Amino acid sequence: MGIPVFVFAGLLVHCVFLASIFDIYFTSPLVHGMTPQQTPLPPPGKRLVLFVADGLRADSLYELDSNGTSRAPFLRSILENTGSWGISHTRVPTESRPGHVALIAGFYEDVSAVAKGWKENPVEFDSIFNESKYTWSWGSPDILPMFAKGASGDHVYTFCYTAESEDFGAQDAAKLDTWVFDHVKSFFNSSRSNQTLYSALNEEKVVLFLHLLGIDTNGHAHRPNSREYKENIRKVDEGVKEIASMLENFYGNDGKTAFILTSDHGMTDWGSHGAGHPSETLTPLIAWGAGVNYPQRVASQFFEDNFLKEWKLENLKRLDVNQADIAPLMASLIGVPFPLNSVGTLPLEYLNNSAHFKAESMFTNAVQILEQFKVKMTQKKETTLSFLFTPFKPLSDSEQINLLKKTRLYIQQEKYDEAVSLCKTLINLALEGLSYYHTYDRLFLGLSIAMGFVGWTAYVILVIIKTHTNLTKAAQSHDKESTILLYGFAFVGLIIAFFLLIQTCPWTYYVYCLLPVPVWYAVVKELHVIQDLAAYLLSLPVGQSMGFLLICALGIEILVFSFFYRSTLTIGLLVFAGWPVITQLWVQAKTTALIWILLCMLLGIFPLMPVVGREPNIPLVIATGLLTLLISCSSLSSLCKSKNKYMNNEDLKVQFYQMLSIALSTYVVSSTHDSLQNKQGLPVFNQIISWTTLVSSSVLPLLSPTFLFQRLFSILLSLMSTYLLLSTGYEALFPLVLSGLMFVWINMEQEALQQYGLSLKPKLAVFNFSYATDIMQFRQLHLDDVRRSFFFVFFIVTAFFGTGNIASVNSFDPASVYCFLTVFSPFMMGGLLVLKVVIPFVLVSCAFEAVQVTTQLSSKSLFLIVLVISDIMALHFFFLVKDYGSWLDIGASISHYVLVMSLTIFMMLMNGLAQLLTTKKLELSRKTKHHST
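Owing to the predicted nature of the structure, the values given are computational and were not obtained by experimental measurement. (Residues numbered from 1 in each chain as written. Predicted model: local features only at pLDDT ≥ 70, side-chain atom pairs only at ≥ 80, totals over all residues. Heavy atoms only, no water.)

## Some remarks on the pattern of salt bridges
Counted according to the given criterion, the structure contains 21 salt bridges. Of the charged contacts in the structure, one is a salt bridge between glutamate 231 and arginine 234, with a shortest N-O distance of 3.7 Å. Taken together, the residues span about one helical turn, with glutamate 231 and arginine 234 both in helix H11 (residues 227–250) at a distance of three residues. A relative accessible area of 32% places glutamate 231 in the partly exposed class. On the basis of relative accessible area, arginine 234 is assigned to the partly exposed category, the value being 27%. Here the salt bridges share partners, and the residues they tie into one network are Glu63, Asp65, Arg71, Glu231 and Arg234. (Salt bridge = Lys/Arg side-chain N within 4 Å of Asp/Glu carboxyl O. Helix = DSSP H or I, 4+ residues; strand = E, 2+ residues; numbered from the N terminus. Buried < 20%, exposed > 50% of the residue type's maximum accessible area, 1.4 Å probe, protein only.)

## Some remarks on the sheet that holds strand S4 (residues 156–160)
Where strands meet in a sheet, backbone hydrogen bonds hold them as pairs that are either parallel or antiparallel. Taking strand neighbours across the sheet as the criterion, the eight strands line up as S4-S3-S5-S1-S6-S7-S2-S8 in an open arrangement whose pairing is mixed. Of all the strands in the sheet, just S4 and strand S8 (321–322) have a single pairing partner and so form its edges. As defined by bridge partners, strand S2 (residues 84–89) adjoins strand S7 (residues 282–289) across six bridges and the pair is classed as antiparallel. When the bridges of S7 are listed, tryptophan 85 appears paired with isoleucine 286. (Pairing = 2+ DSSP bridges.)

## Some words on the environment of threonine 82
Along the chain, threonine 82 falls in the loop between helix H3 (73–81) and S2. Remark: the alpha-carbon pair of threonine 82 and glycine 289, spanning 207 residues in sequence, is separated by 7.8 Å. Once residues within four sequence positions are removed from consideration, threonine 82 is found in contact with Ser77, Trp288, Asn293, Tyr294 and Pro295. (Contact = heavy atoms within 4.5 Å.)

## Topic: helix H29 (residues 649–677)
The α-helix advances 3.6 residues per turn, and as a result positions three or four apart in sequence lie on the same side. The terminal C-alpha atoms of H29 lie 42 Å apart, and with 29 residues this matches the ideal 42 Å at 1.5 Å per residue to within 8%. Just downstream of H29 lies lysine 679, where phi reads positive at about 55°. (Expected span 1.5 Å × (residues − 1).)

## Some words on the packing of helix H20 (residues 507–514) against helix H21 (residues 516–525)
For the pair H20 and H21, interaxial distance at closest approach is 5 Å and the crossing angle is 15°. Taken as axis vectors, H20 and H21 run roughly parallel relative to one another. For the pair H20 and H21, contact is made by Tyr512, Cys513 and Leu514 and by Pro516, Val517 and Pro518, respectively. Classifying every residue of the contact of H20 with H21 by side-chain character gives six nonpolar, no polar and no charged. (Axes fitted to C-alpha atoms, helices over the stretch in contact; angles between N-to-C directions. Parallel < 35°, antiparallel > 145°, perpendicular 65-115°, else oblique. Nonpolar A, V, L, I, M, F, W, Y, C, P; charged D, E, K, R; others polar.)

Right, here's the structure in full:
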């Protein structure tokens, strides 16, 4: 197989492996074709008002101030005197979109929706708004359009402020909530002179939705324990009081308005959300008005947390719910059909109604979830051969009929408690059945992909042995055997395709199931290579072969573990520190080895530090900027002193500009922090400097000399100026220490090469990247090159996880990008956070490029070894992908798999980028002279 064909095949195979997890783990759980279910009895309310205080934690609302008063006196008086209260337990991801979908549509959005954007509907779903007669909503442009687009007809109306209003650096984000309250008041005032609107507002089944984003924005900008966050809660409380009073007056106190106040998610103490910490998953729920129970006094109640005592609410019954349970509660209060895809269970204790009404509502709830189960089962039955179909036994057709009949009989006999109990059993069984059919094909598809993985990895190992080592003998061609082999594998492929065809499987199933066929054909075709390899391994002492395989397995397991426990990287770096001692390099170069040991130990401190973003430390970022300036000044002075004949004035100017860029970045970080602290927003001058630095950092290295250490130092300075702008704490030091280790690594590899008599050590100081390809004679691979490739993969993983940057992308903390923008823009902010993660990656790639050219290796041979290492890791992560648990767990499991799968594709891009950054030079002046080594 030629190089272009091999590269194309590799890209294709990895794209299939990458796409497979979204088909296997993250297909949408939603089904369509159910009939709407509605409680047959008249509802208690005509209209519902839903307040969602975005980012409001339960403890922040319920706790008392130091002086014993509530910061939300109106809502406190409601839960003490007129309504019911509790905690709504959100599921992760604790983000705004999934939280609102759970509240308003009653189901937990699958992870695939995250990839489809924040504002669009990746799948059509039903909601309370859609089932209502009219819905009017006010608030954020990130949330409201999602439910309007999903509605059938044009009865859902939205009123949004501009996206630019969501500014984390603004004077006071509470103005977002004031905007909502003011617009609701003016809307109702205007309706008095608009007969059509007035009539619509007086209809039944009306929903008013107020989305209040101020608390979330203040929490991100100032943290939840700040005065701003707490003051915003006070303002929301006043606003809710005014709106409730105005609506009661507007409707003449008819007692037909139900009110619900809750939140989509909470927030950590350091101002982020997305994960599964109790501060993020515990949100308040207060309901009052038409059809809602009054406070229930109790002598004592038990919860595992100790909040009741802290909040002084021990004697008021706390009614906890799951977030999706709020949708059926709202449907029941105003008599609209339950959302078709809702998986929530109606919380009966919130209802102030007859036992008959509660039993009927619960029965409606059970039938509505059972409808989804039946549709899902029918879909699966139709696409599976009858003799292979395994139904969900606990809820067979006869069992369904039996449970429904019994429940209906209990209601007729007025045995309402027994009816409710049966309904809950039916709901739990139906939800289990939904999950069973949703994951029905997972094992079958997983095994197909695993077969493809193992075959591909085996093939790459055979290619390495065949083309880059001296282990194989010349192969004799057996045309007849290869023809029989081809027909045999083609026959297997046809059988698989026929089997999939008669089951009417989706086209992606064909790709996953047929992929292993050509891959394993390619492996079996190289049988002579396998025989030569086996003969070579048998000729070696058993202990040596087993020892090598054991070390390889241990190394890959350490890499896999490091994705879950960052401290594993520290153990790996301590082992690396001992490398010169074990291999006698210590004797050859004591000084270099000592620096290597010190830098390995210093870099090993970073994975032990807490995840970036929790504790900002701006003085440390400023100190790092000054340290970088000091290092570059000493570098500049040593260059001037040595009167390097390869340097000229143009090159000195470039380094001076880079030093100026570092100084400006340090100033911008300090100035922006002070400005935001004083609530003066992001200064325009700082913003211009930040974006200019970002753009120039990709160009300035191309103006510097292409001598090995000078070019690598230039790349470090340019990327460091951008990295400083994206830093909030100790991580600013990370690229500096990492680069130091990379410089020493290049020298250490020269020491290691001396045993082969290939070292270029004397020439390293004047080694020129741009002439490297001309003078190189590429050599065959040694076993030591496996170690080189492993070092590279280890350093890449350290570059990603050394400061826990991936976690800060998952658990979104915008503080890192405040030098560039403060207005909420998820994709721009996400892009900058990804850039922050990629910068250390580029530094390692450039160092690896230097190692490749100075150790006389072709990039293809090392690339193939890295391919094998990353594919073995990817197979681990394929079986560790989760579609449940905390958003951090789900996000991390996807990130791990995608990261390792992308490593090969990304490595090719990074290899190209590293070659560009190290070998190319832009000429700004004709006077610039060229010198060769």
